[in-house]
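Analysis of the macromolecular model
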Amino acid sequence: MTREKFERLVAEALDGLPLKFREKMANIAVTVESWPSHEDLESVGLDPEEDALYGLYHGVPLPEREFNYGNTLPDRIVLYQDVIEEDAENEEDAKAIAQETVVHEVGHYFGLSDEEMEEWEAGGWRE
């Protein structure tokens, strides 16, 4: 699919987040790239030759920010289009993977634990 269409899928996934979460998101950029760098893969403990990475959060999670946090570049969430499309069976599957990845990376932004992240990914984030 085209980059433009994929970016629309990502925007729809962000728009699908509950308002209570969207309202708390500030100074964060969500972008699309083709593939993660070797450095990005290694930064999360993945083998560049073996593992796939659908998305990555770059930044300081909200709960870890101190009172003097500010005047910084935006945090970033990156989705890797070619990785998602390579693993997807079809366009609907790519959409589902992209949505799940957005939810997962937004969870990192909010500083969710692995247990909380699993609940989010199971659909609890919609509540």
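Treat the numbers as computed from the prediction; the structure is a model and nothing was measured. (Residues numbered from 1 in each chain as written. Predicted model: local features only at pLDDT ≥ 70, side-chain atom pairs only at ≥ 80, totals over all residues. Heavy atoms only, no water.)

**Some details on the overall build of the chain**
Heads up, the rule is: Each helix is a run of H or I in the DSSP string that is no shorter than four residues. Each strand is a run of E no shorter than two, and both are numbered from the N terminus. Every radius of gyration here is taken over C-alpha atoms, with the globule rule written as 2.2 Å times N^0.38, N being the number of residues. Burial here depends on accessible area, computed with a 1.4 Å probe over protein chains only, as a share of the maximum for the residue type. Under 20% is buried, over 50% is exposed, and the range in between is partly exposed. Here, residues are in contact when the closest pair of their heavy atoms is within 4.5 Å. Each accessible area is a Shrake-Rupley estimate made with a 1.4 Å probe; only the visible protein chains count as cover when residues are assessed. Counted as positive: Lys and Arg. Counted as negative: Asp and Glu, with His and the chain ends omitted from the count. Taken as the charge location is NZ of Lys, CZ of Arg, CG of Asp or CD of Glu.
Of the regular secondary structure elements, the chain holds 6 helices and 3 strands. Against the compact-globule benchmark of 14 Å for 127 residues, the chain has a radius of gyration of 15 Å, which places it among compact chains. Here the C-alpha coordinates of the chain stretch approximately 45 × 35 × 30 Å along the principal axes. For the chain, with 127 residues in total, the buried portion stands at 35%. Sequence separation of 24 or more characterises 65% of the internal contacts of the chain that already satisfy a separation of 6 or more. Accessible surface, the chain as shown: approximately 7800 Å² in total, 45% of it carbon and sulfur. Positive and negative side-chain charges of the chain, numbering 10 and 33 respectively, have mean locations separated by a distance of 11 Å.

**What to know about the side chain of Asp40**
Spelled out, the test is: What counts as a salt bridge is simple: a side-chain nitrogen of Lys or Arg found within 4 Å of a carboxyl oxygen of Asp or Glu.
For Asp40, the position within the fold is in helix α3 (residues 38–43). Despite being buried, Asp40 has no salt bridge partner; Arg76 is the closest side chain of opposite charge, sitting 5.6 Å away. If sequence neighbours within four positions are ignored, Asp40 has contacts with Leu53, Leu56, His58 and Tyr80.

**Some words on the sheet that holds strand β2 (residues 55–58)**
Our working rule: A pair of strands is labelled paired if DSSP reports no fewer than 2 bridges between them. Angular values range over 0 to 180 degrees, each being the angle between N-to-C directions of two axes fitted as lines to C-alpha atoms, with helices fitted over their stretch in contact.
Here we have 3 strands laid out as an open sheet, ordered β1-β3-β2, and mixed in their pairing. Single-partner strands in this sheet number two, and they are β1 (28–33) and β2. Averaged over neighbouring strand pairs, the angle between their axes works out to 15° when direction is ignored. As paired strands, β2 and strand β3 (residues 75–80) are joined by 4 bridges and run antiparallel to one another. If you follow Leu56 over to β3, its bridge partner there is Val78.

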